[in-house]
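Letter by letter, the chains look like this.
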Amino acid sequence: MSATASLLRGALAERMEAARKSTDQLFDLLKPSAIYSRPIPERHRLIFYLGHLEAFDWNQIARNALEVPSFHPLFDKLFEFGIDPPVGRAAQDQPSDWPSTAEVLAYNRRVREKIDELRETAPAQIVNVAIEHRLMHAETLAYLFHNLPYDQKLGPAMTQHEPGSSIDPAMIEIPAGKATLGQRVGKFGWDNEFSEHTVSVPGFQIGKHKITNGQYLDFVRAGAAPPHFWIERQGEWLYKGMFSKTALPLNAPVYVTHQEAASYARWKGAALPSEAQFHRAAYGTTGGEERPYPWGVAQPDASRGNFDFHHWDPTDVESTPAGDSAFGVSQLVGNGWEWTSTQFGPFPGFLEFPFYPGYSQNFFDEEHYVMKGGSPRTAACMLRRSFRNWFRPNYPYVYAGFRITED
Ligand SMILES: [Fe+2]
């Protein structure tokens, strides 16, 4: 192995270790009795995810890429796939249908030992897939844990937000220009990020900030249903944070479904940005060149936005001015994914990963919408420009908000 190749291998090993640590720390937040809970009806019980992260690594790296015989075929299969039924159609399994925590932990330990032995010989792309898969679950596990009763979690109390003055609902003019979507061949990305292509985007206006809880409150007072993250107590709206309820943070972004975001936009006589408009506002410049991140070329750090696990909950929309785009649009990356009006579909030249068929293709069904940006619980590596996320339009558990556009 060349010196460069061995450095890259070392970096992958370190990243895998860090990713394991982030998911281990999440499970440490649970009281033992919570592991058989199903906090989101459309997802598996938590015990599934305890086994799934390791089963995925085993199935991708050992079984598929290196054809190593299984030491536990039953668990490899049981923990292989998550579920995404339409909202309201919950799975029917019982806690007694699942193995004990001790059995799953023993499987996990054995998988990690074997993967650590084998990792050097596995294709780097597959190891990258395993690392990002785990980090994606570090975020979706946070959605699940968010919906557990507070007495099932061990964690810090949430900081109370100071009631702030209201946010200036300024719209920013984005001149016509090009937007490059997708990832360049030779760089790591998931199948749906290829092929890279450029589109022309006519001029439009976009909100400087994400829509806040305070702005959405006007919509609720006008008769709209409250978002999933709010709860009313004695005539006051409270925010259901990760570890406690607080007064509604009026200047933090509202987290809503795609349907709620689109209804709010219609109510304002506006629209949601398309995926290409989001790219233009986030990465475009007046000079025509494009940036890898809204703020320029610097790697993501905590001064640029609320992402990479620094916070559990959203911060105010004006809290990270160093992350503004070239056009002065704030928080396009971090502090909550942003819904777009674009249905999730293939880019020109899409080819599914042969080692993970269905990762994207199963969702090209006109029933999922693209989200861009990133949330407080999105790992830094997935803040790359080409990364695409997607959910059903009425799935309410995601850390996703929106901003509005006008022609
Ligand atoms: Fe998964």
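Just above, that's the structure.
Residues numbered from 1 in each chain as written. Predicted model: local features only at pLDDT ≥ 70, side-chain atom pairs only at ≥ 80, totals over all residues. Heavy atoms only, no water.

**Student:** Residues and numbers for the packing of helix H6 (residues 213–221) against helix H7 (residues 258–267), please.
**Tutor:** Orientation of H6 relative to H7, taken along the N-to-C sense of each, is 80 degrees, at an axis distance of 11 Å. Taken together, the axes of H6 and H7 lie roughly perpendicular to each other. Of the residues in H7, those in contact with Gln215, Tyr216, Asp218 and Phe219 of H6 are Glu260, Ser263, Tyr264 and Trp267. Classifying every residue of the contact of H6 with H7 by side-chain character gives four nonpolar, two polar and two charged. (Axes fitted to C-alpha atoms, helices over the stretch in contact; angles between N-to-C directions. Helix = DSSP H or I, 4+ residues; strand = E, 2+ residues; numbered from the N terminus. Parallel < 35°, antiparallel > 145°, perpendicular 65-115°, else oblique. Contact = heavy atoms within 4.5 Å. Nonpolar A, V, L, I, M, F, W, Y, C, P; charged D, E, K, R; others polar.)

**Student:** Before we move on, can you summarise the sheet that holds strand E6 (residues 236–240) with the specific residues and values?
**Tutor:** Ordered in space as E5-E6-E7, the three strands form an open sheet in which the pairing is antiparallel. The open sheet has two edge strands, strand E5 (230–233) and strand E7 (245–247), and neither has a second partner. Neighbour-to-neighbour, the strand axes of the sheet open up by a mean angle of 40 degrees, direction not taken into account. Against the sheet, H6 touches E5 and E6, its axis set at about 65 degrees to E5. (Pairing = 2+ DSSP bridges.)

**Student:** Now, about the pattern of salt bridges: what can you tell me, with residues and values included?
**Tutor:** Applying the stated criterion across every chain yields a total of 19 salt bridges. Arg45 is the partner of Asp93 in a salt bridge, and the nearest nitrogen-oxygen pair spans 3.0 Å. Pair noted here: Asp93 is in the loop between helix H3 (73–78) and helix H4 (101–118) and Arg45 is in the loop between helix H1 (3–28) and helix H2 (46–65), with a separation of 48 residues, a long-range link. Under the relative-accessibility criterion, Asp93 is labelled buried at 16%. Here Glu132 and Arg384 are joined by a salt bridge, their closest N and O atoms 2.7 Å apart. Here Glu132, found in helix H5 (residues 124–146), pairs with Arg384, found in the loop between strand E9 (369–372) and strand E10 (389–391); they are 252 residues apart in sequence, far enough to count as distant. Through salt bridges that share partners, Asp24, Glu54, Asp57, Arg112 and Arg134 make up one connected network. (Salt bridge = Lys/Arg side-chain N within 4 Å of Asp/Glu carboxyl O. Buried < 20%, exposed > 50% of the residue type's maximum accessible area, 1.4 Å probe, protein only.)

**Student:** Can you explain the packing of aromatic side chains? Please cite residues and give values.
**Tutor:** Going through the model one piece at a time under the given rule, you end up with 41 aromatic pairs. Here Tyr356 and Tyr359 contribute two aromatic rings whose centre-to-centre distance is 5.2 Å and whose plane-to-plane angle is 50 degrees, an arrangement assigned as tilted. For the pair Tyr356 and Tyr359, one class covers both residues: buried. Here a set of aromatic residues connected by ring pairs shows up, and it is made of Phe56, Phe188, Trp190, Phe344, Phe350, Phe353, Phe355, Tyr356, Tyr359, Phe363, Phe364 and Trp390. One cation-aromatic arrangement involves Arg385 over Tyr283; the distance from NZ or CZ to the ring centre is 6.0 Å. Residue placement shows Arg388 over the ring face of Phe347; its charged tip is 3.8 Å from the ring centre. (Phe/Tyr/Trp six-rings, centres within 6.5 Å; stacked < 30°, edge-to-face > 60°. Lys NZ or Arg CZ within 6 Å of the ring centre and 35° of its normal.)

**Student:** Can you lay out the coordination of the iron ion for me, pointing to particular residues and giving the numbers?
**Tutor:** Looking at the metal site, the iron ion is ligated by His52 (NE2), His133 (NE2) and His137 (NE2), spaced 2.2 Å from it. For the iron ion, the donor residues sit on a single chain with the sequence spacing H-x80-H-x3-H. Separated by 81 residues along the polypeptide, His52 in helix H2 and His133 in helix H5 bring together distant segments of the chain. The same class applies to His52 and to His133, which are both buried. (Donors = N, O, S within 2.8 Å, 3.2 Å for Na, K, Ca; no water.)

**Student:** Explain H7 residue by residue, including any values.
**Tutor:** Looking only at H7, the buried set comprises His258, Glu260, Ala261, Ala262, Tyr264 and Ala265. At its buried positions, H7 is contacted by H6, strand E8 (337–343) and E9.

**Student:** Tell me what's going on with the side chain of Asn306, and back it up with residues and numbers.
**Tutor:** Note that Asn306 resides in the loop between helix H8 (275–283) and E8. Residue classification places Asn306 among the buried residues on the basis of a relative accessible area of 3%. In terms of polar contacts, Asn306 uses its side chain to reach the backbone carbonyl oxygen of Asp313, at 3.3 Å. Contact partners of Asn306, with chain neighbours within four places excluded, come to His311, Asp313, Pro314, Thr315, Thr320, Gly334, Asn335, Ser375 and Pro376. (Polar contact = N/O pair within 3.5 Å; in protein donor to acceptor, adjacent residues only side chain to side chain.)

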